[in-house]
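This is what each chain is made of:
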Amino acid sequence: IIFFSIFSVEFVLKVLDNGIYWESKSAFFRVSWNVLDFFILLFQALDVSGLAGLGTLRIMRVLRPLRLLNKIQSLQLLLLAIQSCALDMMNVFLLWMFAFILFGVLGMSLLSGKLQSCNDGDFVGAPLNIGQEVGSPIGWRENCVGNYWTSENEGGESYVADWSTVHILKPRVWSNPTDGPSGLGFSFDNFAVSLQSLFEVSTFEQWSDTVYAAAAVTSVGQQPIAKASYLNVLYFHGWIVLSCFFVLQLVIGVLVDSINQKSGKALYTSLQRNWVQMEMRLRKLKPLAPLATPESPLRNKVWFLVNYPAFQNTITAVIIINITMLATESYNMEDWWREFIVQTNWVFISIYMVEIILKLVAYSYYFFYDAWNVFDFIVVLSSIVESTAGSGTGLQTLRILRMLKVLRTVRLVRRARRLRLIVSALIRSIPHIISSLLLLMLAVFLFSVLGVQLFSGTKMGYGLHRRNNFETAWKGCLLLIRVITGENWQTTMHDAGISPPYCTTDDEAKIVLDDINAIGDCGQAALSYLYFDLFYYIGNNILLNLFVAVLLENFFTLQSNFVLAQPHLESYQKIWRDLDPLGKGKISIWKFRELIQKLHADNNPLGSCVLANEIKYRSVRIELMQNKEEHDELAFSDVVSTLSLHVVGAHGLPYAEMIKRQEKLAYYAQLAAVSRMTALYRGVKMQKNKHERHREADSEVLQVTASQ
């Protein structure tokens, strides 16, 4: 009631502020997310009212978490991306269903009625099967009668323990393969169960059991024999290739294309897509920290040492050796090897300490300007604390710092440029991954609440047990996360669909307990199949693939066929640092030509494109100096952005930006041409004035000479 009151007040305030529908475009019922909130509030009002006959509406409680979608914009964008590709997803689903129908009918013709067998595998041969010899593998359905003693269930697991052969008396039953005590399993006896069996095979969970069973079929009414029909495995291999390796992979492609459309990249050329990604990288590009050579002779020598390539390669080799030593640690090590690892660990720590000390001497407080240096410092400091605290008394709780030793492996990343690019792409993906994770968790919670309404109190078996059930929403979330991973999810589904006579019905419970409100522990087979199949398809094939789509979108920046690459940006940063030793992020306009010439000498297209001709250089200079005075300075980000635009060219920009860019380039080219012509005119005029002055001087000399 409290939450209903709060949401009602929110609804009233929004209506008073924005109107109902006709007042404006932002009116309450003109926003689709507000309509969703209203219907959830309506169902909540009916639930709170307590009116008779509305008990079935209580299941609509599961929709309440959807209100979160109206509060988080990133979730809305993901849902809009999924919505925009709904038609394409439906086309993929229809293609998948066509494959289902084809293989479902084929599976019925191959395996219908042939998967059934007797639960007593030893009943074959004589004397139960008349006419067969002792030890014969042949057995018939009509002879699978009576009882037998066994210490194992149908899954081959001991009832008590593997070391205890406690036998029980069980009846012989002729049935399809079952999964747990629910009596449900897989078969191809009719079209519906054939489709269900194919769906379970496509998830790769326990699919080998189905393949082995199909490879052992003989004929209807005859006990299966191992490898009697081994060519049936080709049927399942064909289904796996078509369904899992082809059709379902289209889902990732559809999602990636949808995300591109929402970001406006679907119609971009390869060059335009690369520029959009490069533009995002340029916005985050910062000048390097000042790296002035120390004036002290000692610090100067140390500075050159730590920046010497051989020194850096030596540290890299030490890290690799350290990683190798960490990989040799095990639980039951020999004492001499454990002592050797301890001693070598101190050697590695000493080397890392020397490296840190040398860099502190060389860089002074500039050492902490670099994030990687700070990371190295933390790793070395934690290693020292772990090694000293681990051998002390009363400080055993600090040994948890030993886990930080694995961070030494991350130090290798800073020394491998390709790894740094991958890590940076992964970091850029974190906000989108968090949004995808929130959407996944929301779906898990919705299905968990629905599962509590449908399957709470269902009889437990092999999949549903005291740690894996729908007794609470929290336990339901844990169960569904396990289902997404595919771990034993069919057994859970079969247990949730348990039906009589394997469970107690509501009528039986009322009679036994003498309580008219008593309920049984049976599940609902049809609802169980629908619930788990739908959740697995949405969770595994759509929501989890969102992570892949997001990562692919961000890792696209790693393509190396673009005219600009990360080494060019790093070269620009280093040359800029040489021209800006104080690290102000600005340089004088008079240093611009020097910057361009150094970039060109370093084979960097950021400089080479400008030095193509004098008009090009002047147009770039005019563009940078637009709205600036002669004494103003050029900013780091403005220069790299402008140079990058000239490298890519107008044709590399999205269409709308390309038109504007072409107009600007034409304008700057005109100004550059005028500037060039003006300079030439001034030069010619100055030369002419110079000749006139020389002529006047010569005439004066001649006059003086003549007068003498």
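### Describing the overall build of the protein chain
Looking only at helices and strands, one finds 24 helices and 6 strands in the protein chain. Taken across its 708 residues, the protein chain has 39% of its residues classed as buried. Carbon together with sulfur atoms contributes 63% to the accessible area of the protein chain, which is approximately 39700 Å² in total.

### Notes on the nonpolar core
Counting 53 residues, the largest nonpolar core has Trp 96, Phe 236, Trp 239, Phe 470, Leu 480 and Phe 532 as the members making the most contacts within it. Counting residues per element, this core draws most heavily on helix H18 (residues 525-555), at 9 residues. Discounting chain neighbours no more than four positions away, the residues touching Leu 480 are Val 444, Phe 447, Ser 448, Phe 470, Tyr 531 and Phe 535. With 34 residues, the next largest nonpolar core counts Trp 275, Leu 599, Val 639 and Met 658 among its residues.

### Comments concerning the pattern of salt bridges
On inspection of all chains with the given rule, the structure shows 5 salt bridges. Note that Lys 359 and Glu 355 form a salt bridge whose closest N and O atoms lie 3.3 Å from each other. On the criterion of helical spacing, the pair formed by Lys 359 and Glu 355 is a turn pair, its members being 4 residues apart in helix H12 (residues 335-363). For the residue pair Lys 359 and Glu 355, the accessibility class agrees, reading buried in each case.

### Some details on unusual backbone geometry
Geometrically, the link from Ala 126 to Pro 127 is a cis peptide bond, its omega value of 5° lying close to zero. Relative to the helices and strands, Pro 127 resides in the loop between strand S1 (117-118) and strand S2 (147-150). Here Gln 206, not a glycine, exhibits a phi torsion of approximately 60°, which is positive. For Gln 206, the position within the fold is in the loop between helix H5 (191-202) and helix H6 (207-215). Residue Gln 206 is classed as partly exposed on the basis of its relative accessible area of 28%. Unlike most non-glycine residues, Asn 488 shows phi in positive territory, near 55°. Structurally, Asn 488 can be placed in the loop between helix H15 (473-484) and helix H16 (489-496). Exposure remark for Asn 488: the relative accessible area of 16% places this residue in the buried category.

### Overview of the packing of aromatic side chains
Counted by the stated rule, this structure contains 33 aromatic pairs. Three or more aromatic residues link up through ring pairs in this structure, and these residues are Phe 93, Trp 96, Phe 100, Phe 103, Phe 188, Phe 199, Tyr 235, Phe 236, Trp 239, Trp 489, Tyr 536 and Tyr 537. Residue placement shows Arg 593 over the ring face of Tyr 617; its charged tip is 3.9 Å from the ring centre.

### A closer look at H5
An ideal rise of 1.5 Å per residue puts 16 Å on 12 residues; H5 measures up with 17 Å between its terminal C-alpha atoms. Taking burial as the measure, the 12 residues of H5 include 9 buried ones, the bulk of the element. Among the residues of H5, those classed as buried are Ser 194, Leu 195, Gln 196, Ser 197, Leu 198, Phe 199, Glu 200, Val 201 and Ser 202. By the N-cap criterion, in which a side-chain oxygen at the helix start approaches the backbone nitrogen of a residue two or three places on, H5 is capped by Asn 190, the distance to Ala 192 being 3.2 Å.

### A look at the side chain of Gln 573
Relative to the helices and strands, Gln 573 is located in helix H19 (residues 566-579). Under the relative-accessibility criterion, Gln 573 is labelled buried at 10%. For Gln 573, the contacting residues outside a window of four places in its chain are Leu 285, Lys 286, Leu 288 and Phe 636.

### Remarks on the confidence of the model for the protein chain
When the pLDDT values of the protein chain are averaged, the result is 79; 80% of them are 70 or greater. Mean pLDDT values over the elements of the protein chain span from 66, in helix H3 (residues 73-84), up to 92, in H5.

### Some details on the state of the cysteines
Under the defined criterion, the tally for this structure stands at 2 disulfides. Disulfide pairing is shown between Cys 118 and Cys 144; the S-S distance is 2.1 Å. Disulfide Cys 118 to Cys 144: torsion about the S-S bond roughly 70°, handedness right-handed. Here Cys 118 is found in strand S1, whereas its partner Cys 144 is found in the loop between S1 and S2, with 26 residues between them in sequence. Take Cys 118: its relative accessible area is 5%, and that puts it in the buried class. Sulfur-sulfur distance for the disulfide between Cys 503 and Cys 522 comes to 1.9 Å. On the sign convention where negative means left-handed, the S-S torsion of about 100° between Cys 503 and Cys 522 marks this disulfide as right-handed. Residue Cys 503 is found in the loop between H16 and helix H17 (506-513), and its partner Cys 522 is found in the loop between H17 and H18; the two are separated by 19 residues along the sequence.

### Quick word on the packing of H5 against H16
Taken N-terminus to C-terminus, the directions of H5 and H16 make an angle of 145°; their axes are 11 Å apart at the nearest point. Counting all contacts with H5, which are made through Gln 196, Phe 199 and Glu 200, the residues of H16 involved are Trp 489, Gln 490, Met 493 and His 494. Residue classes in the contact of H5 with H16 are distributed as 3 nonpolar, 3 polar and 1 charged.

### A closer look at a nonpolar patch on the surface
A contiguous nonpolar patch, built from Leu 95, Phe 98, Leu 102, Phe 246 and Leu 250 and spanning about 490 Å² of accessible area, is present on the exposed surface. The element best represented in the nonpolar patch is helix H4 (residues 86-111), accounting for 3 residues. Within the fold, Phe 98 resides in helix H4.

### Details of the pairing of S2
Every second residue of S2 is oriented toward a common face, the buried set being Tyr 148 and Thr 150 and the non-buried set Asn 147 and Trp 149. Direction of pairing for S2 relative to strand S3 (residues 168-171): antiparallel, over a ladder of 4 bridges. Each residue of the ladder has a partner; that of Thr 150, found in S3, is Ile 168.

### A few points about the environment of Phe 188
Note that Phe 188 resides in the loop between strand S4 (174-175) and H5. On a C-alpha basis, the gap between Phe 188 and Ser 112 in space is 4.9 Å, while along the polypeptide they are 76 residues apart. Once you skip the residues sitting within four places of it in the chain, Phe 188 turns out to touch Gly 107, Met 108, Leu 111, Ser 112, Leu 115, Val 193, Ser 194, Ser 197, Leu 198, Thr 210, Tyr 235 and Phe 236.

Parameters at a glance
Residues numbered from 1 in each chain as written. Predicted model: local features only at pLDDT ≥ 70, side-chain atom pairs only at ≥ 80, totals over all residues. Heavy atoms only, no water. Helix = DSSP H or I, 4+ residues; strand = E, 2+ residues; numbered from the N terminus. Buried < 20%, exposed > 50% of the residue type's maximum accessible area, 1.4 Å probe, protein only. Areas by Shrake-Rupley, 256 points an atom, 1.4 Å probe, with all protein chains shown as cover. Core = buried A, V, L, I, M, F, W, Y, C linked by side-chain atoms within 4.5 Å. Contact = heavy atoms within 4.5 Å. Salt bridge = Lys/Arg side-chain N within 4 Å of Asp/Glu carboxyl O. Phe/Tyr/Trp six-rings, centres within 6.5 Å; stacked < 30°, edge-to-face > 60°. Lys NZ or Arg CZ within 6 Å of the ring centre and 35° of its normal. Expected span 1.5 Å × (residues − 1). Polar contact = N/O pair within 3.5 Å; in protein donor to acceptor, adjacent residues only side chain to side chain. pLDDT = per-residue confidence, 0-100. Disulfide = S-S within 2.5 Å. Axes fitted to C-alpha atoms, helices over the stretch in contact; angles between N-to-C directions. Nonpolar A, V, L, I, M, F, W, Y, C, P; charged D, E, K, R; others polar. Patch = residues over 30% accessible without salt bridge, like charges linked within 9 Å, V, L, I, M, F, W, Y side chains within 5 Å. Pairing = 2+ DSSP bridges.

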